[in-house]
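# What the coordinates show
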Amino acid sequence: MSNFIEILAILGLYFGLVLAGELTFELPDNARNCFYELIDKGVKCTLEFQVITGGNYDVDLEINAPSGQVLYKDQKKQYDSFTWTTDQKGEFKFCFSNEFSTFTHKMVYFDFQVGEERPLQPPEAGGHVTALTQLETSAVTIHEALKVIIDYQTHHRLREAQGRGFAEDLNSRVQLWSIGVAIIILIIGVGQVLALRSFFTEKKATAVST
């Protein structure tokens, strides 16, 4: 039990060392949403995004440095990942745009990570440069396994949400098509009945006149 508590304590040192944020938001048609982050110089950053639902599952993305320099710009992307190292300190901006769409809303997910992962036991936290003990090795192994599990869960949730959105959209289209077909069949049936009645009415009128 004490070993388990020590492992959790070592894992707890990791949290807060890397700034990371995940967000899923709705991007209306003809809209542009921007996000801002203050980052120091010489920091490695990674932005990964994916369109979950809406239209052709594509958006525009632009990343700007504090000086206004365009670091990344691409149009109508379904998903992508961009990694860069900052060469200046300041407020970085990344904007998602759906301005090319006139009536389709999009659901966008992004994961923004600032900084590289530090060791679970950095020297300033009492760590050491010598060989790891069995407990520390177990903690590192658990930590790496948890990272893989979290990554798989995130991607599976995105795929599930994307599949559900596609299924709901397909269901609504099938319903509209079925309603349209039913209306057409009803119109054709009524037209056929009226046409048959007109045939008998003309024959009856001809017989009476003779």
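Presented here is an overview of the structure given in this document. Predicted model only: the values in this text are computed from it and were never measured.

Reading the values: rules and limits
- Residues numbered from 1 in each chain as written.
- Predicted model: local features only at pLDDT ≥ 70, side-chain atom pairs only at ≥ 80, totals over all residues.
- Heavy atoms only, no water.
- Helix = DSSP H or I, 4+ residues; strand = E, 2+ residues; numbered from the N terminus.
- Buried < 20%, exposed > 50% of the residue type's maximum accessible area, 1.4 Å probe, protein only.
- Areas by Shrake-Rupley, 256 points an atom, 1.4 Å probe, with all protein chains shown as cover.
- Disulfide = S-S within 2.5 Å.
- Pairing = 2+ DSSP bridges.
- Salt bridge = Lys/Arg side-chain N within 4 Å of Asp/Glu carboxyl O.

We now examine the overall build of the protein. Helix and strand counts for the protein come out as 2 helices and 8 strands. Helices (α) and strands (β) of the protein occur, in sequence order from the N terminus, as α-β-β-β-β-β-β-β-β-α. When the 210 residues of the protein are sorted by exposure, 28% land in the buried category. Accessible area of the protein: about 14,200 Å², with a carbon and sulfur share of 59%.

A few words now on the state of the cysteines. By the definition in use, this model includes 1 disulfide. The residue that forms a disulfide with Cys 34 is Cys 95, at a sulfur-sulfur distance of 2.0 Å. Classification of the bridge connecting Cys 34 and Cys 95 rests on its S-S torsion, roughly 110 degrees, and on that basis the disulfide is right-handed. In this pair, Cys 34 sits in strand β2 (residues 32-39) while Cys 95 sits in strand β7 (residues 90-97), placing the two residues 61 residues apart along the sequence.

What follows is about the pairing of strand β3 (residues 44-53). A large share of β3 lies buried, amounting to 7 of its 10 residues. Pairing geometry for β3 and strand β6 (residues 79-85), over 7 bridges, is antiparallel. Its bridge partner being in β6, Thr 46 is matched across the sheet by Thr 83. Here 8 bridges tie β3 to strand β8 (residues 106-114), and the two strands are oriented antiparallel to one another. Across the sheet, Cys 45 pairs through a bridge with Val 114, a residue of β8.

All chains considered together, the criterion is met by 6 salt bridges. As a salt-bridge pair, Arg 32 and Glu 62 come within 3.8 Å of each other at their nearest N and O atoms. Highlighted residues: Arg 32 in strand β2 and Glu 62 in strand β4 (residues 59-64), separated in sequence by 30 residues. The exposure class of Glu 62 is buried, given its relative accessible area of 16%. In this structure, Glu 160 engages Arg 164 in a salt bridge whose closest nitrogen and oxygen atoms are separated by 2.5 Å. Pair noted here: Glu 160 and Arg 164 are both in helix α2 (residues 134-209), with a separation of 4 residues, about one helical turn. A relative accessible area of 45% means that Glu 160 is categorised as partly exposed. A residue is classified by how much of its surface remains accessible, and Arg 164, at 40% relative accessible area, is partly exposed.

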